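Coordinate analysis (summary)
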Amino acid sequence: MNDIAAPDTQARRETRARSIPEGAVESFWTGQDGARIRRLDWPADGPAPVRGSILFMPGRGDAYEKYLELFADWHERGWAVTSADWRGQAGSGRLGADPHTGHVADFAIWVDDLARLWADWQATTPPPHVLVGHSMGGHLALRAVAEQRIEPDALVLSAPMLGFTGPLLPDALLHLVAKVMCRVGDPRRPAWRWSEKPGELPLGRQALLTHDDARYRDEVWWREQRPELAMGPGSWGWVERAYASMRGLNRAGVLERIKVPTLILAAEHDRLVGFAATQRAARRLPNSEFAPFGAEARHEILREVDNVRNRVLRTIDLFLDRHVPPGS
C-alpha cells in the first residue's frame with residue numbers, strides 16, 4: 001500500500017492530492033436557471049504535447065478535490081482537465097432540507113446541467129474531447145450520451161451506477177418501495193443512516209470505497225479544510241429518481257443505439273453498485289470495452305492502491321490511444 005512507499009514518493013503523492021495545482025482555476029459556471037455550479041479547469045500547459053481535453057464528473061456526494069491526484073496524472077500526459085460538482089452537492093449548494101442529505105427533484109436536472117457545461121467546455125478546449133464519469137457521474141454521463149444531449153469522442157465509466165447492490169428483488173419492486181416512501185413522508189429526508197453526528201464520516205465507510213488508507217485520508221483531509229464539501233446519505237427522493245433513471249437506461253434499444261467508444265471499469269466485489277448490471281450494460285453497448293477487477297478493487301477504482309490504480313490508468317491510456325489517438 002502507499003504507506004510503505006519511499007518518503008519522497010509519498011510526499012509528492014500527498015502534495016498532488018491535497019493542493020489545488022498551480023495553473024488550475026476554481027470558478028463557478030451558471031446553470032440555465034442561474035444556479036451557481038463549482039468547477040475546476042486545468043489547461044494543458046505542461047511540457048507534454050497537448051493530448052486533448054477530459055471532462056471528469058464525480059459520483060454522488062463527491063467533490064472534485066478527491067480526484068486531484070488523478071487529474072495530475074492526466075495533466076502530465078498532456079490532457080487539459082476540467083471537473084465540476086453536481087448541482088446540490090460539494091461546493092454547488094444544496095437542494096434538500098438540510099446540509100448533509102443529498103437530494104434532487106429529478107436526474108433530468110443534472111443531465112441538463114451536464115449538456116450545458118459540455119457545450120461551453122467543448123467550444124473552448126482542444127480536441128479530442130473525452131468524458132469520464134464515476135459512479136453516479138458515470139450513470140449521468142451515459143444517460144446524456146444515450147439521450148443525444150452530448151457526443152464525446154470517447155467515454156470512460158468508472159463503476160457506473162447502473163444498478164444497486166442489496167436485496168435480490170426486481171428493480172421495479174424496489175422502485176415501488178421508494179415511491180411509497182416518498183409519499184408517506186418528506187422525500188427530502190435521508191433514505192439511510194449516516195452516522196451519530198451529522199456530517200461525520202461513519203465507521204467502516206472506507207471498506208466500501210478503497211483499500212488505500214492514504215488516499216482515503218485525502219478525502220478526510222479535504223473535508224476538514226473545506227467543511228462545505230461534506231455530504232451524507234441520499235434522500236428518498238434521490239433513491240426514487242435513481243431507480244427511475246436506471247430503469248430508463250435499461251429499456252430495450254436505449255443502450256444499443258450508443259455508438260460512442262466506451263470503456264467501462266467495474267469491481268466485481270463492489271458493495272455499492274451492481275457488477276452484474278454493469279456487465280449486462282457493457283454487453284449491450286455496441287462499441288464498448290469492459291475491464292473487470294476482482295477482490296483487489298473496491299468501488300473507487302480510480303483511488304485504489306498503486307498496483308491496481310496503475311493498471312486502471314494504463315487501461316484508460318490504451319483505450320484512448322486506440323480510439324482517440326494523439327493528433328486526432
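Here, the structure is the one placed above.
Notes on the structure in this doc start here. What you are looking at is a predicted structure, and each value in this text was computed from that prediction instead of being measured. (Residues numbered from 1 in each chain as written. Predicted model: local features only at pLDDT ≥ 70, side-chain atom pairs only at ≥ 80, totals over all residues. Heavy atoms only, no water.)

1. Thoughts on the sheet that holds strand E3 (residues 52-57)
- Strand order in the open sheet made by the eight strands is E1-E2-E4-E3-E5-E6-E7-E8, with mixed pairing throughout. The open sheet terminates on both sides in strands that have one partner only, identified here as strand E1 (25-30) and strand E8 (288-293). Sheet twist, expressed as the average angle between the axes of neighbouring strands with direction ignored, equals 20°.
- Sheet topology places E3 next to strand E4 (residues 79-84); five bridges connect them, and they run parallel. Its bridge partner being in E4, isoleucine 54 is matched across the sheet by valine 81.
- Contacting strand E7 (262-267) and E8, helix H9 (residues 275-284) runs over the sheet at an angle of about 155° to E8. (Pairing = 2+ DSSP bridges. Helix = DSSP H or I, 4+ residues; strand = E, 2+ residues; numbered from the N terminus. Axes fitted to C-alpha atoms, helices over the stretch in contact; angles between N-to-C directions. Contact = heavy atoms within 4.5 Å.)

2. Quick look at the nonpolar core
- By size, the foremost hydrophobic cluster in this structure holds 87 residues, and its most contacted members are Phe71, Trp74 and Leu265.
- The dominant element in this core, judged by the number of residues it contributes, is helix H3 (residues 107-122), at eight residues.
- Contact partners of tryptophan 74, with chain neighbours within four places excluded, come to Ile54, Phe56, Trp79, Val81, Val132, Leu313 and Ile316. (Core = buried A, V, L, I, M, F, W, Y, C linked by side-chain atoms within 4.5 Å. Buried < 20%, exposed > 50% of the residue type's maximum accessible area, 1.4 Å probe, protein only.)

3. A word on the packing of aromatic side chains
- This structure, assessed with the given rule, holds 13 aromatic pairs.
- Look at phenylalanine 56 and tyrosine 67: their rings are 4.6 Å apart centre to centre, the planes differ by 45°, and that puts the pair in the tilted class. Here tyrosine 67 lies in the loop between E3 and helix H2 (68-76) and phenylalanine 56 lies in strand E3, a separation of eleven residues in the sequence. In terms of burial, phenylalanine 56 and tyrosine 67 fall into one category: buried.
- With 6.1 Å between their ring centres and 45° between their planes, phenylalanine 107 and tryptophan 238 make a pair best called tilted. Here the residue phenylalanine 107 occupies a position in helix H3, and tryptophan 238 occupies one in helix H8 (residues 236-249), the gap between them amounting to 131 residues. Side by side, phenylalanine 107 and tryptophan 238 carry an identical accessibility label, which is buried.
- An aromatic cluster of at least three residues, connected via ring pairs, comprises Trp86, Phe107, Trp110, Phe164, Trp192, Trp238 and Tyr243.
- The ring of phenylalanine 28 has arginine 36 lying over it, and the distance from NZ or CZ to the ring centre is 4.1 Å.
- Cation over ring: arginine 60 sits above tryptophan 238, and NZ or CZ is 5.7 Å from the ring centre. (Phe/Tyr/Trp six-rings, centres within 6.5 Å; stacked < 30°, edge-to-face > 60°. Lys NZ or Arg CZ within 6 Å of the ring centre and 35° of its normal.)

4. Regarding unusual backbone geometry
- The step from proline 127 to proline 128 runs through a cis peptide bond, and the omega angle for that step is -5°.
- Although it is not a glycine, glutamine 148 sits at a positive phi angle of roughly 60°.
- Along the chain, glutamine 148 turns up in the loop between helix H4 (136-146) and strand E6 (154-158).

5. A look at a nonpolar patch on the surface
- Residues Leu169, Leu173, Leu176, Val177, Val180 and Val184 make up a contiguous nonpolar surface patch of about 490 Å² in total accessible area.
- Within the secondary structure, valine 184 sits in the loop between helix H5 (171-183) and helix H6 (206-209). (Patch = residues over 30% accessible without salt bridge, like charges linked within 9 Å, V, L, I, M, F, W, Y side chains within 5 Å. Areas by Shrake-Rupley, 256 points an atom, 1.4 Å probe, with all protein chains shown as cover. Salt bridge = Lys/Arg side-chain N within 4 Å of Asp/Glu carboxyl O.)

6. Looking at the pattern of salt bridges
- Counted under the stated rule, the structure contains 36 salt bridges.
- Measuring nitrogen to oxygen at the nearest pair gives 2.8 Å for the salt bridge that ties glutamate 26 to arginine 226. One end of the pair, glutamate 26, is in strand E1; the other, arginine 226, is in the loop between helix H7 (213-225) and H8, and 200 residues separate them in sequence.

7. Looking at the pairing of strand E2 (residues 36-42)
- Of all seven residues that make up E2, six are buried, and the element is covered over most of its length.
- Two elements, E1 and E2, share six bridges in a ladder whose sense is antiparallel. Across the sheet, tryptophan 29 pairs through a bridge with isoleucine 37, a residue of E2.

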